[in-house]
Amino acid sequence: MRTSHHIPDEMLLAYAAGSAPEAWSLIVATHLSLCSDCRAVVGNTEQIGGELLDSLTPETLSEDAFDLLMREIDSQAGKQELPKAPSTQIPSVLPEPLRSYVGGDLHALKWRRLGKGAFHIPIATKDQSAQARLLKVPAGNPVPMHGHNGEELTLVLTGSFTTHQGKFQRGDIEAADDSVEHMPVAGPEEDCICLAVTDAPLKFKSLGARLVQPFIGI
Amino acid sequence: MNLKREIKLSPAAPSYLALVVNNMHAHAGQGGLEQSMAKSGEDAFSADDLVLCLQAVGARQDRAAFRVLFDHFAPRIKAYIIKLGCSHQQAEELAQETMTKVWNKAGQFDAAKAAPSTWMFRIARNLRIDAFRRENHPEFDQNDPSLIPAEERPADQVVEQKQSERQLLAAMAELPEEQMHLLRLSFFQDMSHGAIADHLNIPLGTVKSRLRLAMVKLRKKIDDNDQMQADGLSR
Ligand SMILES: [Zn+2]
């Protein structure tokens, strides 16, 4: 099936330019595994990067730069890089690069309880500005109503969820910002597992959810 | 340095590349290398020449071809890193590091998938993210069995790499300057869109909508050209 909800263009641009922090780049790249349309856009955008690079006024290097480089290369002889073999031969639920970030496919995951039957796994990146996490919401359950202090991207990996904007399935991206208050509900067919990235703590509406927030790290 | 190794040019190789390479052989050892390169004008290389050079490095670690790539790209990569706010020394180190990667990875270059400048840009971008932000640039894996492949296009609609480059250049040339400026800021300032908004003193929403507009135009222009091409072929 063809994905119908994509990464916003300006985020694809930030990813291709290299200015998107790592957590955002992780969700973009994972969506790219599942969406050839966005892959094509990123390819074109990187081509713009190449054209811009080519159009820069060259900066002179020191006179011995090439000789130094060849000496360096000769001293590390035999370091030819071959393409990496994929870590698995069978299609997995978690595509790369997400699979490498969490250390394996679904069966390798250690879920942490989040309340209301939901679970999560924070994903470590070197990025301090945004947090990536896997979320698991049981089939048919709602995710508590919340608004946002910043931006949020959510990528569906299993099952589905529905908001007032429609239905989101594997490969689909839901983009939300501080103008959006949404109450996603997981579809009845199976548990909904998502990769979510936020650049600020979520604002939960209910007092109960607000009280547990500091403890669960959302 | 083994400059005696012959660079094998395909019969289709432009004659001036052969000239430059011959020049390099003639002047090597007399310290005239840089001079001959300067005279021939490094900007004279077309993307085709650079493809041949990358392939020569990939296939047989051809040093003369690598020299051509170095003379064309290293000064531009240095300029790219300086634009991102680094010292000349840091920029030169990163340009060197990028060229080392180019040497080691040239065998993976696929001319059907990317232009040399695109390929170089990716390597330089990832290295500078690693060097200055200590972050990775996560990427999809083309060989991952979970990757969903693109739908096959009818043969007469397949756009060749070279043609898509021309289309992109044409599309970029038609972008209004304010959109081009934002694109350049995105690529060369390592700024978030919020930081760009502060820098230009315009609302974040305006930055995003202008960038979206630019992307939509680039996309549309390329699609139109694809369509024209497809129509042209079927007529
Ligand atoms: Zn997409």
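Residues numbered from 1 in each chain as written. Chains lettered and ligands numbered in written order. Predicted model: local features only at pLDDT ≥ 70, side-chain atom pairs only at ≥ 80, totals over all residues. Heavy atoms only, no water.

Enquirer: Would you take a moment to explain the overall build of chain B for this structure?
Expert: For chain B, the count of helices and strands is ten helices and zero strands. From first element to last, N terminus to C terminus, chain B shows the α and β order α-α-α-α-α-α-α-α-α-α. Sequence separation of at least 24 residues holds for 62% of the intrachain contacts in chain B that already meet a minimum separation of 6. A total accessible area of about 11400 Å² is found for chain B, and carbon and sulfur atoms account for 51% of it. (Helix = DSSP H or I, 4+ residues; strand = E, 2+ residues; numbered from the N terminus. Contact = heavy atoms within 4.5 Å. Areas by Shrake-Rupley, 256 points an atom, 1.4 Å probe, with all protein chains shown as cover.)

Enquirer: Help me understand the overall build of chain A in this model?
Expert: Scanning chain A for helices and strands turns up six helices and eleven strands. Of the contacts made within chain A by residues no fewer than 6 positions apart, 66% connect residues no fewer than 24 positions apart. Surface exposure of chain A reaches about 9800 Å², of which carbon and sulfur atoms provide 54%.

Enquirer: Any chance you could explain the coordination of the zinc ion here in plain terms?
Expert: Tetrahedral coordination by four donors places them ideally at 109.5 degrees to one another around the metal; octahedral coordination by six donors ideally gives 90 or 180 degrees. Around the zinc ion, the protein contributes the donor atoms His6 of chain A (ND1), His31 of chain A (NE2), Cys35 of chain A (SG) and Cys38 of chain A (SG), at 2.1 to 2.3 Å from the metal centre. Along the chain, the residues donating to the zinc ion fall in the pattern H-x24-H-x3-C-x2-C. (Donors = N, O, S within 2.8 Å, 3.2 Å for Na, K, Ca; no water.)

Enquirer: Which parts of the structure should I look at to understand the pattern of salt bridges?
Expert: A side chain of one charge can pair with a side chain of the opposite charge when the charged atoms of the two come close. Residue and element names in this part refer to chain B. For the structure on display, the rule yields 15 salt bridges over all chains. In this structure, the salt-bridge partner of Asp71 is Arg67, at a minimum N-O distance of 3.1 Å. Residue Asp71 and its partner Arg67 are located together in helix H4 (residues 63-83), separated by four residues, close to a single helical turn. Looking at Arg67, the relative accessible area reads 4%, which means it is buried. Here Arg125 and Glu139 are joined by a salt bridge, their closest N and O atoms 3.1 Å apart. Of this pair, Arg125 sits in helix H6 (residues 116-133) while Glu139 sits in the loop between H6 and helix H7 (161-173), and the two are 14 residues apart along the sequence. Given the relative accessible area of 0%, Arg125 is considered buried. (Salt bridge = Lys/Arg side-chain N within 4 Å of Asp/Glu carboxyl O. Buried < 20%, exposed > 50% of the residue type's maximum accessible area, 1.4 Å probe, protein only.)

Enquirer: Explain the interface of chain B and chain A to me, please; I cannot follow it from the model alone.
Expert: Think of interface size as the accessible area that goes away when the parts come together; that is how it is often given. With 78 residues of chain B at the interface, the matching set in chain A holds 72 residues. Carbon and sulfur atoms make up 59% of the surface buried where chain B meets chain A, a total of about 6800 Å² over both sides. Where chain B meets chain A, there are six salt bridges. Remark: the boundary between chain B and chain A carries 26 residue pairs in polar contact (both at pLDDT 80 or more). (Buried area = accessible area lost by both parts, 1.4 Å probe. Polar contact = N/O pair within 3.5 Å; in protein donor to acceptor, adjacent residues only side chain to side chain.)

Enquirer: Honestly, H7 of chain B in this entry has me stumped. Any pointers?
Expert: An α-helical turn contains 3.6 residues, so a residue and the one three or four places further along point in the same direction. Over its 13 residues, H7 of chain B runs 19 Å from end to end, which matches the ideal 18 Å to within 8%, given 1.5 Å per residue. Within the sequence span of H7 of chain B, burial applies to Gln161, Gln163, Ser164, Glu165, Gln167, Leu168, Ala171 and Met172 of chain B. (Expected span 1.5 Å × (residues − 1).)

Enquirer: Can you walk me through the side chain of Asp127 of chain A in this structure?
Expert: Residue placement: Asp127 of chain A occurs in the loop between strand E2 (118-123) and strand E3 (131-137). One buried charged side chain, Asp127 of chain A, makes no salt bridge at all; its nearest oppositely charged neighbour is Arg133 of chain B, positioned 7.3 Å away. Within polar-contact distance, the side chain of Asp127 of chain A engages the backbone nitrogen of Ala23 of chain A at 3.0 Å. The residues touching Asp127 of chain A, leaving out its near neighbours within four places in the chain, are Pro21, Glu22, Ala23 and Trp24 of chain A together with Glu135 of chain B. (Lys, Arg positive; Asp, Glu negative; His and termini not counted.)

Enquirer: Where do I start with the confidence of the model for chain A in this structure?
Expert: Low pLDDT means the predicted atomic positions in that stretch should not be read closely. Residues and elements named next belong to chain A. For chain A, the average pLDDT comes to 85, and 85% of its residues sit at 70 or higher. The least confident element of chain A is helix H6 (residues 207-216), whose mean pLDDT is 44; the most confident is helix H2 (residues 22-34), at 97. Note that residues 203-218 has pLDDT below 50 and, in this model, 24 contacts with residues that lie over four places away or in other chains. (pLDDT = per-residue confidence, 0-100.)

Enquirer: Before we go on, may I ask you to explain the packing of aromatic side chains in this structure?
Expert: Aromatic rings in a pair are described by how distant their centres are and how their planes are angled relative to each other. Under the criterion given, the structure shown has eight aromatic pairs over all chains. Ring centres of Phe109 of chain B and Trp119 of chain B lie 5.5 Å apart, and the angle between their planes is 75°; this geometry places the pair in the edge-to-face category. In this pair, Phe109 of chain B sits in the loop between helix H5 (88-105) and H6 while Trp119 of chain B sits in helix H6, placing the two residues ten residues apart along the sequence. Pair check on accessibility: Phe109 of chain B and Trp119 of chain B agree, each one buried. The rings of Phe66 of chain A together with Phe66, Phe70 and Trp103 of chain B are connected pair by pair, giving a single aromatic cluster. Looking at Arg39 of chain A, its charged tip hangs above the ring of Phe140 of chain B, at a distance of 5.7 Å from the centre. In this structure, Lys136 of chain A is placed above the aromatic ring of Phe119 of chain A, and the distance from its NZ or CZ to the ring centre is 5.3 Å. (Phe/Tyr/Trp six-rings, centres within 6.5 Å; stacked < 30°, edge-to-face > 60°. Lys NZ or Arg CZ within 6 Å of the ring centre and 35° of its normal.)

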